[in-house]
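# An overview of the molecular structure
So the chains spell out like this:
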Amino acid sequence: MSELLGIDDVSVHFPAAGGRVVRAVEQVSLSIAAGETLALVGESGSGKSTLGFAVAGLQAPTSGGLRFEGVPLTASTWPAARRKIQIVFQDPFGALDPRMPISSIIAEPLLIQRIGTAESRRARAAELVAQVGLPRDALNRYPHEFSGGQRQRIAIARALSPAPRLIVADEPLSALDVSIQSQVLNLMKEVQETHALSYLFISHDLAVVNHLVDRVAVLYLGRLVEVADRAALFAAPAHHYTRALLDAVPRIGRRRARHGGTIKGEMPSPLNPPSGCVFHTRCPRAEALCGAEVPVLRALSDVQSVACHFPLGSE
Amino acid sequence: MSEFADVAIGVWTLRWRRFRRHRTGMASLFILGVLVAFVLAAFPLQYFMGIDPDVTDLFARFDPPSAQHLLGMDEAGRDVLIRLMIGGQISLLVGVLATLVGGIIGVLVGVAAGYFGGRLDGVLMRFTDGMIALPLLPLLIVLGAIDLTKLGFSSDFAHSGAAGFWRIVVIISIVDWTAIARLVRAATLQIRERDYVRAARASGGSALYMMGTHILPNIATPIIVSFTLTVGRVILFESVLSFLGFGVVPPTPSWGNMLNNAQELVTTAPALAVYPGLLIFVTVIAVNFLGDGLQHAFDPRSERTP
Ligand SMILES: Nc1ncnc2c1ncn2[C@@H]1O[C@H](COP(=O)(O)OP(=O)(O)O)[C@@H](O)[C@H]1O
Ligand SMILES: [Mg+2]
């Protein structure tokens, strides 16, 4: 498959009080193929949203760069790329302007990009409202008249309106009722097929990921610790952190915490990340080397890479 | 394609529909329309009936209403009705213009400071604080004393009634924009980081688009409240300024200075105070209810859909 998006050694740092620096994302390289769904997983605060925002053009990387359809994204190439990269947010209540009717919300990317006429944009909104499973009279109503799940459908319709190739979905399900989650997930799958979309699907929950994605990238404290095909990752995680995340997933027919419990403690602050491997303070396998030397991301196979001095399954 | 055109309605149409359903808002719009018609009726009265607002007739002081002078004569023997009409033109214009000029400056400064943040915010807000810190009375005296001919205006203009009118609009605008600027900045800061603003930014929306489409409608409520309160305040403030000798000076009437003059006569001729007072009162109330209607129009949550 051909590369749609390339993330090339991207770091995002934020200035903090006292001249310190929050290393939210640190030297991440990834790629997403056309039609592919890549999951970005990790605990809260691991830098998933920040990386997602960088991909959506909401946050300029401190260093490194992005490539879209083979073209490096710069100030001059971003404007055209923006219609092809859309974003869906976590909180469906903050994602829609409460003072805008649904038709304007859905057509907004088209209006901003000056695509079509006022009439064709409304027609497009009507078409999309039906596609995401809402009644047509939703068009002239306002966000407050809809439930969380319906709002997320509206947000998806908005993202679809300019016919994008990539949608960054920042935990699109985690604010929804469990009963609604699978409906929205199915909708996302469905529109992926009809619109030939790629997703960067951000989640802190590996269980959700299992149903949708092709590959998984695991982020810890802003660093990429493992990237693998979904099957490989679920069958044989190579990073101790990935294993801990998997163990935290309750699954039928398997007792929780088979491998001796989830990891201990809390994630350190990105203001002051540990030396060497950033995970070594919580890793059950850590040795002296881990605190001294940063492990580089290396390929274990065609479908799996890991940044660990002592990966699982190799000893 | 056009089969959908009537399905999705424009946002301004929806706002107008909501406004129309707001009864007191519509009533206020009507009353304000009547007030405007009333003050404009000065022109036919002046030119066809030959009534002059400034000509005094010392034999007609405090004359009661008659067919020729429907509301009678004032303390200088001038027709009260036409003075109310002309005074109304001035009061309403000063109220609306000064509110709009000061309000728009305040909104622009506040939105820019709040939206862009950083250095611009620092500069604008320091400037605003500086303006707030200036003592009002000396500022008024300085502004009132500026010699317009030195600013390049002709001497004819500088001594005309129009110059006084514009001077007052400028003075009030300068004094009044700061409060709105602070209010709008604070409200903008809250909206700026909402996800719907981010979504629009991700689509490539310009700063102007963002402010016009997302920020302003979402902070419309405090802006409208502040504008409507300002109109009433300005109409009264104008009379204070006139009293101090700036701006609209006698014999040119305004509701404010008519009310002021009538205060000494309140026992002998109470009607002279009642008329302008009543008109100011009705205007202020109507503007406030109009503001209610506008808030209603801008806030879709203000009503259940049918
Ligand atoms: N605008 C910002 N300014 C300062 N720090 C930020 C900013 N955005 C995110 N961070 C910090 O960066 C880290 C990663 O945040 P985030 O990307 O939101 O993580 P996640 O989405 O995985 O929960 C957190 O420590 C967060 O506090
Ligand atoms: Mg997040």
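Predicted model, so just to flag it, every value in this text is computed and none were measured. (Residues numbered from 1 in each chain as written. Chains lettered and ligands numbered in written order. Predicted model: local features only at pLDDT ≥ 70, side-chain atom pairs only at ≥ 80, totals over all residues. Heavy atoms only, no water.)

### Digging into the environment of N257 of chain B
All names here are of chain B. Within the secondary structure, N257 sits in helix α12 (residues 255-262). Using a relative accessible area of 5% as the deciding quantity, one classes N257 as buried. Considered as a pair, N257 and A27 are 230 residues apart in the sequence and their alpha carbons are 28 Å apart. Within the structure, the side chain of N257 is placed 2.9 Å from the backbone nitrogen of S254, a separation counted as a polar contact. (Helix = DSSP H or I, 4+ residues; strand = E, 2+ residues; numbered from the N terminus. Buried < 20%, exposed > 50% of the residue type's maximum accessible area, 1.4 Å probe, protein only. Polar contact = N/O pair within 3.5 Å; in protein donor to acceptor, adjacent residues only side chain to side chain.)

### Considering the nonpolar core
Residues and elements named next belong to chain A. Counting 79 residues, the largest nonpolar core has F201, L206 and V216 as the members making the most contacts within it. Sequence-distant contacts of F201, defined by excluding residues within four places in its chain, comprise T37, L38, A39, L40, A169, P172, L173, L185, M188, V208, L212 and V213. With 35 residues, the next largest nonpolar core counts W78, A81, A217 and V227 among its residues. (Core = buried A, V, L, I, M, F, W, Y, C linked by side-chain atoms within 4.5 Å. Contact = heavy atoms within 4.5 Å.)

### Regarding the sheet that holds strand β3 (residues 37-41) of chain A
Residue and element names in this part refer to chain A. The eight strands are arranged β6-β7-β8-β3-β9-β10-β12-β11 in an open sheet whose pairing can be described as mixed. Across the chains shown, the open sheet's two edge strands, defined by having one partner strand only, are β6 (85-88) and β11 (298-301). In this sheet, neighbouring strand axes are inclined to one another by 20° on average, regardless of whether the strands run parallel or antiparallel. Bridging between strand β9 (residues 215-220) and strand β10 (residues 223-229) involves six bridges; their strand directions are antiparallel. Paired with L219 across the bridge in β10 is L224. In the packing of helix α5 (residues 148-160) onto the sheet, contacts are made with β6 and β7 (166-170), and the angle to β6 comes to roughly 175°. (Pairing = 2+ DSSP bridges. Axes fitted to C-alpha atoms, helices over the stretch in contact; angles between N-to-C directions.)

### Thoughts on the site of ligand 1
All names here are of chain A. The full set of residues close to ligand 1 is F14, V22, A24, E43, S44, G45, S46, G47, K48, S49, T50 and P270. In this structure, an oxygen atom belonging to ligand 1 sits 3.2 Å away from a main-chain N or O atom of S46. Taking 560 Å² as the accessible area of ligand 1 by itself, protein coverage stands at 61%. At the level of secondary structure, the elements contributing two or more residues to the shell around ligand 1 comprise β2 (21-33) and α1 (48-55). Examining the composition of the shell around ligand 1, we find that three residues originate from one element, α1, more than from any other. (Near = heavy atom within 4 Å. Areas by Shrake-Rupley, 256 points an atom, 1.4 Å probe, with all protein chains shown as cover.)

### A few points about α1 of chain A
The element α1 of chain A is extensively covered by neighbouring structure, given that seven of its eight residues are classed as buried. Regarding α1 of chain A, the residues found buried are K48, T50, L51, G52, F53, A54 and V55 of chain A.

### Quick look at the packing of helix α2 (residues 23-40) of chain B against helix α4 (residues 80-116) of chain B
Residue and element names in this part refer to chain B. Their axes nearest at 7 Å, the elements α2 and α4 cross at an angle of 120°. Between α2 and α4, the angle falls in the class oblique. Crossing angle aside, the handedness with which α2 passes α4 is left-handed. In this structure, α2 contributes F38, V39 and L40 to the contact, and α4 contributes L81, L84, M85, G88, Q89 and L92. (Parallel < 35°, antiparallel > 145°, perpendicular 65-115°, else oblique. Left-handed = near helix turned anticlockwise from the far one by under 90°.)

### Notes on empty space enclosed by the protein
The tally for this structure, following the rule as stated, stands at three cavities of 30 Å³ or more. Looking at the largest cavity, the residues that line it are D74, E75, R78, V80, R83, M258, N261, A262, L265 and L272 of chain B. For the lining of the largest cavity, the secondary structure elements donating two or more residues are α4 and α12 of chain B. The greatest single-element share of the lining of the largest cavity, amounting to three residues, is contributed by α12 of chain B. Residue composition of the lining of the largest cavity, grouped by class: five nonpolar, one polar and four charged. Every residue along the wall of the second largest cavity is listed here: H239, H240, C277, F279, H280, C283, A286, C290, C308 and H309 of chain A. Partitioned by chemical class, the residues of the lining of the second largest cavity number six nonpolar, four polar and no charged. (1 Å grid on protein atoms, 1.4 Å probe; cavity = no way out; pocket = protein on both sides within 12 Å on 5 of 7 lines; lining within 4 Å. Points joined across faces, edges and corners; volume = space filled by probe spheres on them. Nonpolar A, V, L, I, M, F, W, Y, C, P; charged D, E, K, R; others polar.)

What is shown is where atoms sit, not what they do.
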